[in-house]
Amino acid sequence: MIDLILIAFIGYVLMLGLRRPYLWVLLYVYIDIVAPQRIGYGLITSVPVSLIAFAAAFGGWLVLDRKEGARFTLRQFLMLALLLYCGWTLSWADFPEPASTKWDWVWKALLFAIFLPLTLTTRARIEALALTLTLSVATIVIGTGMKTILGGGGYESLHFLVNDNSGIYESSTLATVAIALIPMIFWFTRYGTVFRPHWTVNLFAVALVFACLLIPVGTEARTGLVCIAVLGVLLLRYTQRRFLVMAAAGAIGLAALPFLPQSYYDRMATIAQPGGDESASTRMQVWQWTLDYVEEHPFGGGFDSYRSNSFTYRMPVREELGNTVSVEYREVTDEARAFHSAIFELLGEQGYPGLAIWLLLHGLGVWQMERTYRRWKGATAESEAWISPLAAALQIASLIYLAGALFQGIAYQPVMLMIVGLQIGLHSYVARLESAKPLGERETDPDPTGDRDRRRAGRHDRPGGSRGAVTA
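Owing to the predicted nature of the structure, the values given are computational and were not obtained by experimental measurement.

1. With respect to helix H4 (residues 49-63)
Given 3.6 residues per turn, any residue in an α-helix points the same way as the ones three and four places further on.
Next, step 1: Look at H4: 21 Å from first C-alpha to last across 15 residues, which is about the 21 Å you get at 1.5 Å a residue.
Next, step 2: Buried within H4 we find Val49, Ala53, Ala56, Ala57, Gly60 and Trp61. Relative to the axis of H4, the buried residues are bounded by an arc of 115° and lie together on one face. Residues of H4 that are exposed and point more than 90 degrees away from the buried face comprise Leu51 and Val63.
Next, step 3: Tucked into the core, H4 has its buried residues touching helix H1 (2-16), helix H2 (22-34), helix H3 (36-39) and helix H6 (96-115).

See the structure below:
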């Protein structure tokens, strides 16, 4: 039955796309994130729904879309350069077969991210993409949060919609993505046009944010706790009552402590003492191995080059005998351990050129969203007030992703590449708005101090005027 429902839904959206081809782009986003072909058990598993949706999205844009305002930007060129470079490194990959397996999904993720901004030519399309992306992730987050509340959490024991620990369904990846999308969820409560601001929208948003915050608890993902801390620090920029907010956050955190399982405390304790945890100790050894490896292979070893690593190290092992706890140092030998960091993933697989392209791609995104936020911060017109808060939400999403990527091999994570596409689309859209204004009204060099915006009707640190920005 579930297969028939999923196929019927996909078929219905494909039919709707005959009148609105952009719906096919949104359909591919949903399929790529939720992966309904992995949820079903029968017919849908044999139907190439992802390929059908991508062909419809690209073909619809190519044949039916007017393409007004579409342009190829510098960041799209960087993604294209990274795509071609990754394909080139396949020719000397240390492990050709595993490299080809990873290449099969990496090139699709990069290609779609390159294509996506070409379709984002209006505010409605930008919002529709952001909403589809958010609700698609929410499909996974809501169920996971409910399982956590009902006591089904635990490290590597909390099952999502599919029994597969890969992609966004990997616990640390889901925790990072869920926390990164929280500012965007609040953006919809103030500036959404598909679902207009209403108490029901606010209630759903609060519940969804609560579910997002439960993901690091239910999965016991240490990266999730780091991402929550980064989110809290970043949100202080958008409130005038910083000390009050910090005090409230501390009080909520203390109130939640009695409800957290002991396994969660034990797992989080390894952040401060990584040497006592085999997973954390292994990461540091892998990172050191990668630095040594790239000295001999400055252009990388292709996808999955980590498979050649091998190292022996000493770590403490605790043993409890009654009331006595003894610590014994033992030698541990590991081999073929993953990079556990996007930085070292790029460095080991694509060398210095690949890492430089990736850092420039995301660094430009943070800078462009900062410029957009500052430039449109004082806008009060309904057609412009939404821009600055969305830029702030997308910038925060990037920064949280980069923080989480320090401890995970998620350099090519499709959801975050879609966020990159959304940033490019927003930046291109506001560039067209700016160019359409009379010459005397243009501001190409935003005030770096923000003093101009603070003088506007007393709007001190709240983007988008009196409505605020991405607030918690």
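2. Section: the packing of aromatic side chains
Next, step 1: Per the stated rule, a full pass over the model turns up 22 aromatic pairs.
Next, step 2: When the ring of Phe112 is compared with that of Phe115, the centres are 6.1 Å apart and the planes differ by 50°; the resulting orientation is tilted. Here Phe112 pairs with Phe115, and both are found in helix H6, just 3 residues apart, close to one helical turn.
Next, step 3: A connected cluster of aromatic rings, assembled from ring pairs, spans Tyr28, Phe54, Phe58, Trp61, Phe112 and Phe115.
Next, step 4: Residue placement shows Lys67 over the ring face of Trp61; its charged tip is 5.4 Å from the ring centre.
Next, step 5: The ring of Trp376 has Arg375 sitting right over it, with the charged end atom 4.7 Å from the ring centre.

3. Points about the environment of Ile410
Next, step 1: Residue placement: Ile410 occurs in the loop between helix H16 (387-405) and helix H17 (414-436).
Next, step 2: Residue Ile410 is classed as buried on the basis of its relative accessible area, which comes to 7%.
Next, step 3: Counting along the chain gives 67 residues from Ile410 to Ile343, while the straight-line C-alpha distance between them is 9.2 Å.
Next, step 4: Apart from residues no more than four positions distant in its own chain, Ile410 is found in contact with Thr173, Ala342, Glu345, Tyr401 and Ala405.

4. A look at helix H9 (residues 182-191)
Next, step 1: Along H9, 9 of the 10 residues are buried, which leaves the element largely enclosed by surrounding structure.
Next, step 2: Every buried residue of H9 is accounted for by Ile182, Pro183, Met184, Ile185, Phe186, Trp187, Phe188, Thr189 and Tyr191.
Next, step 3: Packed against the buried residues of H9 are helix H7 (123-149), helix H8 (171-180), helix H10 (199-219), helix H11 (222-235), H16 and H17.

5. Brief notes about the nonpolar core
Next, step 1: Residues Ile33, Val141, Ile168, Trp358, Trp386 and Leu426 are the most contacted members of the largest nonpolar core, which totals 128 residues.
Next, step 2: Residues within four places of Ile33 in sequence aside, it is in contact with Leu133, Ser136, Val137, Ile140, Ile168, Tyr169, Val415 and Met418.

6. A short note on the pattern of salt bridges
Next, step 1: With the rule as written, the count across this model stands at 8 salt bridges.
Next, step 2: A salt bridge links Lys102 to Glu345; the nearest nitrogen and oxygen atoms lie 2.7 Å apart. Of the two residues, Lys102 sits in helix H6 while Glu345 sits in helix H15 (residues 342-375), which places them 243 residues apart along the sequence. Taken individually, Lys102 and Glu345 each receive the classification buried, so the pair is uniform in this respect.
Next, step 3: Its salt-bridge partner being Arg375, residue Glu434 comes within 2.9 Å of it at the nearest N-O pair.

7. Digging into the environment of Phe58
Next, step 1: Here Phe58 shows up in helix H4.
Next, step 2: Relative accessible area serves as the criterion here: at 35%, Phe58 is assigned to the partly exposed category.
Next, step 3: Sequence separation between Phe58 and Val25 is 33 residues; the distance between their C-alpha atoms is 7.8 Å.

8. Details of a nonpolar patch on the surface
Next, step 1: A grouping of Leu135, Ile142, Met146, Val194, Phe195 and Phe204 is seen on the molecular surface, where their side chains present a nonpolar patch of about 550 Å² in accessible area.
Next, step 2: It is H7 that provides the largest number of residues to the nonpolar patch, a total of 3 residues.
Next, step 3: Inspection of the secondary structure puts Phe204 in helix H10.

9. Observations regarding the environment of Ala431
Next, step 1: Summarising the element assignment, Ala431 is placed in helix H17.
Next, step 2: Relative accessible area serves as the criterion here: at 27%, Ala431 is assigned to the partly exposed category.
Next, step 3: Each C-alpha atom, one on Ala431 and one on Thr372, is 9.2 Å from the other, the two residues being 59 residues apart in sequence.

10. Considering the packing of H7 against H8
Next, step 1: Between H7 and H8, whose axes approach to 11 Å, the crossing angle comes to 110°. Between H7 and H8, the angle falls in the class roughly perpendicular. Crossing of H7 over H8 shows left-handed handedness. Along the contact surface, H7 presents Val137, Ile140, Val141 and Thr144, while H8 presents Leu174, Val177 and Ala178.
Next, step 2: Of the residues in the contact of H7 with H8, the class split is 6 nonpolar, 1 polar and no charged.

Reading guide: rules and limits
Residues numbered from 1 in each chain as written. Predicted model: local features only at pLDDT ≥ 70, side-chain atom pairs only at ≥ 80, totals over all residues. Heavy atoms only, no water. Helix = DSSP H or I, 4+ residues; strand = E, 2+ residues; numbered from the N terminus. Expected span 1.5 Å × (residues − 1). Buried < 20%, exposed > 50% of the residue type's maximum accessible area, 1.4 Å probe, protein only. Arc of directions from axis to C-beta. Contact = heavy atoms within 4.5 Å. Phe/Tyr/Trp six-rings, centres within 6.5 Å; stacked < 30°, edge-to-face > 60°. Lys NZ or Arg CZ within 6 Å of the ring centre and 35° of its normal. Core = buried A, V, L, I, M, F, W, Y, C linked by side-chain atoms within 4.5 Å. Salt bridge = Lys/Arg side-chain N within 4 Å of Asp/Glu carboxyl O. Patch = residues over 30% accessible without salt bridge, like charges linked within 9 Å, V, L, I, M, F, W, Y side chains within 5 Å. Areas by Shrake-Rupley, 256 points an atom, 1.4 Å probe, with all protein chains shown as cover. Axes fitted to C-alpha atoms, helices over the stretch in contact; angles between N-to-C directions. Parallel < 35°, antiparallel > 145°, perpendicular 65-115°, else oblique. Left-handed = near helix turned anticlockwise from the far one by under 90°. Nonpolar A, V, L, I, M, F, W, Y, C, P; charged D, E, K, R; others polar.

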